[in-house]
4 protein chains.
Amino acid sequence: MKKIIKAGVIGATGYAGVELVRLLLNHPSVELARVSSVSFSGKEISDIYPGLRPSCNLILDDGHEQMLDECDVIFASLPHGHSQEIAEECVERGILFIDLGADFRLENESDYEIWYEGKFNNPELHREAVYGLCELNRADIKGAKLIANPGCYPTSIALALYPVLKNGLIDKKNIIIDSKSGITGAGRGLSLSTHYPESNEAFTAYKAGQHRHTPEIEQMLSKISKARVKVTFVPHLLPVNRGILSTIYCEMTADYATIRKAFEECYKNEPFVSVLKEGEYANIKNVKLTNCCHISLHRDSHTNKLIICSAIDNMVKGAAGQAVQNMNIIFRIDETEGLPLVAPAF
Amino acid sequence: MKKIIKAGVIGATGYAGVELVRLLLNHPSVELARVSSVSFSGKEISDIYPGLRPSCNLILDDGHEQMLDECDVIFASLPHGHSQEIAEECVERGILFIDLGADFRLENESDYEIWYEGKFNNPELHREAVYGLCELNRADIKGAKLIANPGCYPTSIALALYPVLKNGLIDKKNIIIDSKSGITGAGRGLSLSTHYPESNEAFTAYKAGQHRHTPEIEQMLSKISKARVKVTFVPHLLPVNRGILSTIYCEMTADYATIRKAFEECYKNEPFVSVLKEGEYANIKNVKLTNCCHISLHRDSHTNKLIICSAIDNMVKGAAGQAVQNMNIIFRIDETEGLPLVAPAF
Amino acid sequence: MKKIIKAGVIGATGYAGVELVRLLLNHPSVELARVSSVSFSGKEISDIYPGLRPSCNLILDDGHEQMLDECDVIFASLPHGHSQEIAEECVERGILFIDLGADFRLENESDYEIWYEGKFNNPELHREAVYGLCELNRADIKGAKLIANPGCYPTSIALALYPVLKNGLIDKKNIIIDSKSGITGAGRGLSLSTHYPESNEAFTAYKAGQHRHTPEIEQMLSKISKARVKVTFVPHLLPVNRGILSTIYCEMTADYATIRKAFEECYKNEPFVSVLKEGEYANIKNVKLTNCCHISLHRDSHTNKLIICSAIDNMVKGAAGQAVQNMNIIFRIDETEGLPLVAPAF
Amino acid sequence: MKKIIKAGVIGATGYAGVELVRLLLNHPSVELARVSSVSFSGKEISDIYPGLRPSCNLILDDGHEQMLDECDVIFASLPHGHSQEIAEECVERGILFIDLGADFRLENESDYEIWYEGKFNNPELHREAVYGLCELNRADIKGAKLIANPGCYPTSIALALYPVLKNGLIDKKNIIIDSKSGITGAGRGLSLSTHYPESNEAFTAYKAGQHRHTPEIEQMLSKISKARVKVTFVPHLLPVNRGILSTIYCEMTADYATIRKAFEECYKNEPFVSVLKEGEYANIKNVKLTNCCHISLHRDSHTNKLIICSAIDNMVKGAAGQAVQNMNIIFRIDETEGLPLVAPAF
């Protein structure tokens with residue numbers, strides 16, 4: 001008989017939260033036991049999201065006491081600053097805590113202060129947290145009690161640059177990242193920029209060189225490179241629901257064939273990462289609703305630049321899916337269990 | 001150990017075909033053994049649809065001889081007129097044949113001649129075919145060797161009208177059906193009306209009173225009613241990828257409470273059909289990528305009309321999903337196996 | 001030299017308001033002198049809508065005193081209940097007042113109470129108001145001091161039914177109207193149903209039989225028919241920015257050729273209304289950004305129903321454009337002046 | 001009395017062609033006398049584009065003999081290779097010829113051979129042609145008889161880089177251009193990548209480092225810089241109808257304040273170019289349907305990169321609008337005549 005993991009989701013009515021709910025409901029080794037939401041406590045979650053009907057009739061809890069009593073793993077998708085306390089309690093009680101927010105992603109408290117205007121309540125807890133970019137950190141994740149689930153942009157970028165930075169195949173000083181994200185990236189909170197008539201048939205950059213994911217991106221890339229990496233990072237708002245495409249420009253310090261080989265070598269055993277054939281282009285459509293990352297490589301023979309395109313589903317591999325992947329790793333079940341691999345064609 | 005059904009898909013690179021591929025790849029009791037395509041034979045299907053990568057590396061066959069040798073069930077998604085011959089061979093050889101095209105849907109050859117300009121090659125074969133609208137025809141489906149999988153519009157409409165027609169709760173003579181379909185309904189073939197700049201930010205009716213699904217709709221509704229039913233049916237092209245919403249207007253011959261009760265009673269044990277609460281509205285978003293049908297009921301107290309809204313995913317419940325549901329019924333496995341029940345929230 | 005009309009817009013930062021600004025800036029006989037907005041007073045309107053840059057640098061007023069001192073015509077686009085007082089002052093001072101809100105549309109105070117939960121402050125003022133559906137009411141509009149600019153749905157519907165109701169060519173008792181509106185119809189106010197990820201790739205009916213435009217529709221149709229007309233009216237939310245398509249189902253009481261002739265006759269001299277050829281379908285795309293209405297006629301030979309499709313741009317002919325058309329009529333300038341007639345192809 | 005310019009459009013049913021038709025119909029100094037189309041000759045253009053109804057009833061010519069007899073200016077929007085002969089005849093007969101295709105854009109025949117696989121029929125004619133990027137080349141345009149109307153990407157890019165390259169404020173050797181174009185950029189011809197279900201909810205780069213506009217971009221930037229400029233240019237296909245946003249990354253060789261000042265100085269008298277305020281972002285929505293270009297400047301203080309965002313409507317300033325602007329300059333009428341300056345808010 002199959003061992004069942006009991007899971008709870010805090011912040012289950014936000015976009016990352018409800019995506020977790022969807023994935024966990026379909027996960028063969030998980031029982032989704034509890035869901036909570038401050039805004040909608042007491043309601044059936046399927047009244048908020050009728051697409052869950054008829055499968056899920058869970059009532060939204062207000063707090064998370066019962067969740068902590070019942071669950072083996074807790075996923076939290078909360079505004080930053082709100083996870084630290086619950087994380088502490090979970091770690092103390094031996095419950096795996098997977099944080100989809102930003103509270104445990106930055107190792108350096110001063111970075112956290114600058115970008116999130118907050119403090120580390122308990123610096124030791126932060127040292128225990130493992131940054132859950134599964135393909136890069138699998139060994140550390142295995143023993144983790146507290147996972148800082150990566151941001152969506154950092155995931156798409158770190159996977160795209162890992163093979164070349166690890167192997168020193170590009171110039172670390174001149175990396176330009178032009179990312180485009182679907183509108184779910186902005187969450188369920190209402191704003192003028194996500195009001196349909198404002199975002200449909202529109203396209204713009206935002207927070208050029210100022211996005212909060214920048215320190216997280218640089219922290220990860222610096223670790224891979226074992227040297228301080230700085231990047232120019234410009235996100236854009238794309239009029240689609242899901243998906244991130246990052247187009248990355250670098251200077252090659254090795255020949256293109258070596259670089260392509262490094263990518264293929266690096267990801268050949270990864271179930272979720274595909275290095276596309278020469279001439280193919282990564283497209284958000286082809287990873288939609290999956291936990292996959294598609295990477296395509298292009299050489300501008302003209303200027304000798306390397307162009308890397310990386311596509312993920314911002315809500316799956318960029319949030320809820322990677323959180324489940326982390327859980328799978330820690331609970332020693334098949335890493336792909338419960339995680340979609342096939343994108344619908346349309 | 002699980003019994004594995006070996007399945008083949010003919011016409012696997014069309015939209016219904018590739019949707020079948022996706023569902024069958026995720027089906028726990030099925031091995032997708034063979035896929036064929038006239039247009040792309042010899043290629044890997046994942047080169048045509050990179051969203052299948054890394055899960056599926058099947059090569060597209062040209063013909064279907066090997067498929068017939070190896071498979072227990074064959075799904076065909078072909079232009080009309082092309083299924084009859086293969087169907088015959090399958091039935092002879094005891095292979096279940098599920099036809100997603102229109103060749104076996106109409107019982108009356110003269111209707112087929114008028115609407116599809118074709119003949120019944122083998123009228124006896126047509127008599128053997130079972131119309132696979134699962135919720136309405138389950139008993140007959142169980143013993144079927146040849147399934148005529150229903151059209152997308154007829155599915156959304158028959159499910160919406162079944163409880164009231166079966167119980168005689170509306171006037172059969174004045175039924176108006178205003179349907180709106182996502183653009184995948186037009187298939188993968190290129191046309192000006194499905195060229196992005198022509199269909200985006202556009203909306204129009206088409207084939208008002210002249211759509212080929214009309215005789216199929218009327219055949220089914222007449223059977224339910226045990227009387228000749230005629231409908232006014234106007235389809236529209238909706239600028240979304242997936243989904244059909246049918247808004248149906250009828251004259252009530254019973255009070256509204258009785259009608260609502262008939263719906264709830266009729267579908268209370270159906271895993272894929274949800275009758276929404278009073279005040280809720282069926283939305284294509286809430287059934288997207290699932291095999292579900294959401295039905296909402298509304299009374300215009302003003303004119304005493306009944307308004308029924310019915311939402312399905314045209315490519316799942318309206319095509320590939322219902323085909324799999326038919327297979328599940330015939331092979332006596334859980335009817336929901338391999339069929340998504342939870343719609344992504346976005 | 002050209003006579004210049006000085007115009008002011010109250011509520012200039014709402015969607016109908018800014019559409020008025022755009023049209024008036026391009027109107028050869030108008031000087032847009034003043035714009036006001038409670039929410040953004042003191043700001044440049046082009047900071048709120050950068051698409052007005054570089055043409056318009058007007059500062060948004062808080063109140064409208066100066067506007068009344070300077071302007072010949074005032075357009076108001078305000079939440080219902082807020083126009084009555086300003087209207088009164090304008091009429092007293094001889095300033096033409098064109099109300100894009102609902103305050104003066106309903107003749108019957110009890111209807112207004114039921115649907116808008118408000119009272120008529122000054123019933124005499126309401127008697128003076130002229131319902132500004134230009135093609136139907138031109139004679140009355142010419143002498144008007146106060147225009148109740150029609151709602152978007154009522155405009156698309158009244159134009160579609162005018163020829164047949166006026167001439168008694170359909171059964172008045174069984175009219176079914178299935179309308180679909182672009183999302184700008186819901187205005188600039190934020191709501192979950194207009195949040196991009198909720199409305200994109202979604203489609204649903206709303207307020208079936210309960211929309212506030214119902215009494216306005218019936219009032220107009222009853223006037224045309226000189227008899228009480230009741231309709232079944234179901235609006236839907238269409239994932240596009242602009243446009244309304246109304247699909248209307250009626251019983252013919254005359255033959256189809258007579259009906260088609262009545263339409264052609266009725267609109268042959270109307271610059272903004274086109275009766276499409278047999279076999280063509282009205283499409284919101286073909287009237288986008290214009291003040292035009294396209295009407296297509298279809299006969300369901302099968303059930304002998306008449307199907308009328310009517311397409312307008314909800315923000316132009318359904319709001320700001322018709323308001324300008326009313327102004328043109330009253331100021332005796334060419335009715336098409338400043339009003340786009342050509343829709344962009346995409 | 002106004003002098004009327006008689007204009008003809010060759011290739012009037014392509015997307016750039018019909019956009020010209022729309023603009024010319026609304027141009028106060030132009031009479032659109034003739035339109036031609038190989039594919040639809042003999043038909044009314046409003047049967048192909050019903051959005052032209054009721055304004056335009058022109059019949060599509062097959063050839064262009066009568067057009068040459070009647071017109072003062074001819075616009076041609078043809079596949080490359082097809083304009084050279086007609087251009088020659090126009091120039092001989094003193095008819096202004098404005099070519100929206102690529103035949104006369106490249107000065108260097110060998111570039112044309114490499115990128116377009118064609119030859120210069122008449123090299124002298126090519127020397128007479130003036131590259132019609134109005135803001136940069138106005139002096140030469142004034143006396144031109146033959147205009148090579150710029151490509152859409154080159155227009156968005158040259159306007160964005162002109163102030164810094166002319167003044168030597170950036171490093172010429174490391175310019176990265178990440179452009180995103182609406183789907184009308186691919187024209188009216190059918191293809192799988194522009195089939196609605198393939199392009200909706202999708203996003204991908206294409207022709208990275210290999211797009212035909214690259215030599216045109218470099219030719220123009222080199223002229224401005226008076227030095228050989230090479231760029232890395234990656235276009236992407238954006239799921240919207242209209243608009244190009246180019247995000248350009250450069251190394252500053254002067255301080256940011258100097259750069260901003262250079263932009264403001266350069267464009268302060270240009271009616272169609274707006275340099276946005278610090279903190280604002282160029283958005284394709286705000287230039288839609290206008291001949292305007294919005295440029296926003298951003299400094300990544302972190303890496304000291306300059307980021308320039310430039311937005312145009314690919315079909316107006318990027319094609320038909322700039323063609324009309326060229327005509328206006330040559331005929332010495334107000335440069336903005338007939339060219340929209342105000343973008344609709346939605």
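Keep in mind the model is a prediction, meaning the values are calculated, not measured.

A word on the overall build of chain A. When its secondary structure is counted, chain A shows 12 helices and 14 strands. The C-alpha radius of gyration computed for chain A amounts to 20 Å, which stays within 12% of the reference 20 Å derived for 346 residues, consistent with globular compactness. Its C-alpha atoms put chain A at 60 × 45 × 45 Å along the principal axes. Residues classed as buried in chain A amount to 68% of the 346 residues present. Taking the contacts inside chain A whose residues are at least 6 apart along the sequence as the reference set, 70% of them involve residues at least 24 apart. Separation between the mean location of the 36 positive side-chain charges and that of the 43 negative ones in chain A comes to 6 Å.

To continue, consider the interface of chain D and chain A. Interface size, as often reported, equals the accessible area lost upon joining of the parts. Listed per partner, the contact involves 48 residues of chain D and 48 residues of chain A. For the pair chain D and chain A, the two sides together bury roughly 3,900 Å², of which 55% comes from carbon and sulfur. Contact with chain A buries area across many residues of chain D, yet Glu-201, Phe-203 and His-302 of chain D alone supply 18% of it, more than any other trio. Taken together, the links from chain D to chain A amount to four salt bridges. A salt bridge links Lys-180 of chain D to Asp-178 of chain A; its shortest N-O distance comes to 3.2 Å. Taken together, the connections running from chain D to chain A amount to 30 residue pairs in polar contact (both at pLDDT 80 or more). Those elements that place two or more of their residues in the side of chain D that touches chain A are strand E8 (175-182), helix H9 (196-199), strand E9 (204-205), helix H10 (213-225), strand E10 (231-238), strand E11 (244-251), strand E13 (293-300) and strand E14 (305-312) of chain D. It is E10 of chain D that provides the largest number of residues to the side of chain D that touches chain A, a total of six residues. Across the side of chain D that touches chain A, the residue classes tally to 22 nonpolar, 13 polar and 13 charged.

Residue and element names in this part refer to chain C. Overall, parallel pairing links the seven strands, which are arranged E3-E2-E1-E4-E5-E7-E6 in an open sheet. Two strands lie at the open edges of the sheet, namely strand E3 (60-61) and strand E6 (130-131), each paired on one side alone. Both strand E5 (residues 96-99) and strand E7 (residues 146-148) contribute to a ladder of three bridges, which runs parallel. By the bridge assignment for E7, Asp-99 is matched with Ala-148. Of the strands in this sheet, strand E1 (5-10), strand E2 (30-36) and strand E4 (73-76) are in contact with helix H1 (residues 15-25), which crosses E2 at around 155°. With respect to the sheet, helix H4 (residues 84-93) is in contact with E1, E4, E5 and E7, its orientation differing from that of E5 by roughly 155°.

Looking now at the domain arrangement of chain A. All names here are of chain A. One can read the domain layout of chain A as domain 1 (5-149 + 317-330) and domain 2 (153-314). The straight-line distance from the C-alpha centre of domain 1 to that of domain 2 is 24 Å. In this assembly, 25 residues from domain 1 lie in contact with 30 residues from domain 2. Between domain 1 and domain 2, a total of about 2,500 Å² is buried, with carbon and sulfur atoms accounting for 54% of that surface. When residues of domain 1 are sorted by the area they lose upon contact with domain 2, Trp-115, Leu-136 and Lys-317 head the list and together hold 28% of the total. Summed over the shared surface of domain 1 and domain 2, the number is four salt bridges. Note that Glu-107 and Lys-223 form a salt bridge whose closest N and O atoms lie 2.5 Å from each other. At the junction of domain 1 and domain 2, the tally comes to 17 residue pairs in polar contact (both at pLDDT 80 or more). Here the element with the most residues in the side of domain 1 that touches domain 2 is helix H12 (residues 316-330); it accounts for six residues. Tallied by class, the residues present in the side of domain 1 that touches domain 2 amount to 11 nonpolar, seven polar and seven charged.

Basis of the calculations
Within any chain, residue numbers begin from 1 and follow the written order of that chain's sequence. The order in which chains are written sets their letters, starting at A; the order in which ligands are written sets their numbers, starting at 1. pLDDT decides what is reported in this predicted model: residues at 70 or higher carry local features, side-chain atom pairs at 80 or more are listed and counted, and totals for whole chains, interfaces and linings draw on all residues regardless. Side-chain figures throughout are based on the complete set of non-hydrogen atoms in the structure, without hydrogens or water. Helix numbering and strand numbering both begin at the N terminus, where a helix is a DSSP run of H or I of at least 4 residues and a strand a DSSP run of E of at least 2. For a compact globule the rule gives 2.2 Å times the number of residues to the power 0.38, and the radius of gyration it is set against comes from C-alpha atoms. Only protein chains enter the accessibility calculation, which uses a 1.4 Å probe; a residue whose area is less than 20% of its type maximum is buried, one above 50% is exposed, and one in between is partly exposed. Only heavy atoms enter the contact rule, under which two residues are in contact if any of them lie within 4.5 Å. Positive charge is attributed to Lys and Arg, negative charge to Asp and Glu, and no charge count is given to His or to the chain ends. Every charge is mapped onto a representative atom, which is NZ of Lys, CZ of Arg, CG of Asp or CD of Glu. Accessible surface is computed with a 1.4 Å probe, and the buried area is the amount of it that two parts give up when combined, taken over both parts together. One speaks of a salt bridge when a side-chain nitrogen belonging to Lys or Arg is within 4 Å of a carboxyl oxygen belonging to Asp or Glu. In the analysis that follows, any N or O atom pair within 3.5 Å is treated as a polar contact, provided that within protein one partner can donate a hydrogen and the other can accept it, and provided that, for residues neighboring in sequence, both atoms belong to side chains. As a working rule, the residues Ala, Val, Leu, Ile, Met, Phe, Trp, Tyr, Cys and Pro are called nonpolar, Asp, Glu, Lys and Arg charged, and the rest polar, with Gly in that last group. Two strands qualify as a pair provided that DSSP identifies no fewer than 2 bridges between them. Whenever a helix is involved, its axis is fitted only over the stretch in contact; in every case the axis is a line through C-alpha atoms, and angles between N-to-C directions fall within 0 to 180 degrees. For the purposes of this description, domain bounds are those given by an automatic or database domain assignment.

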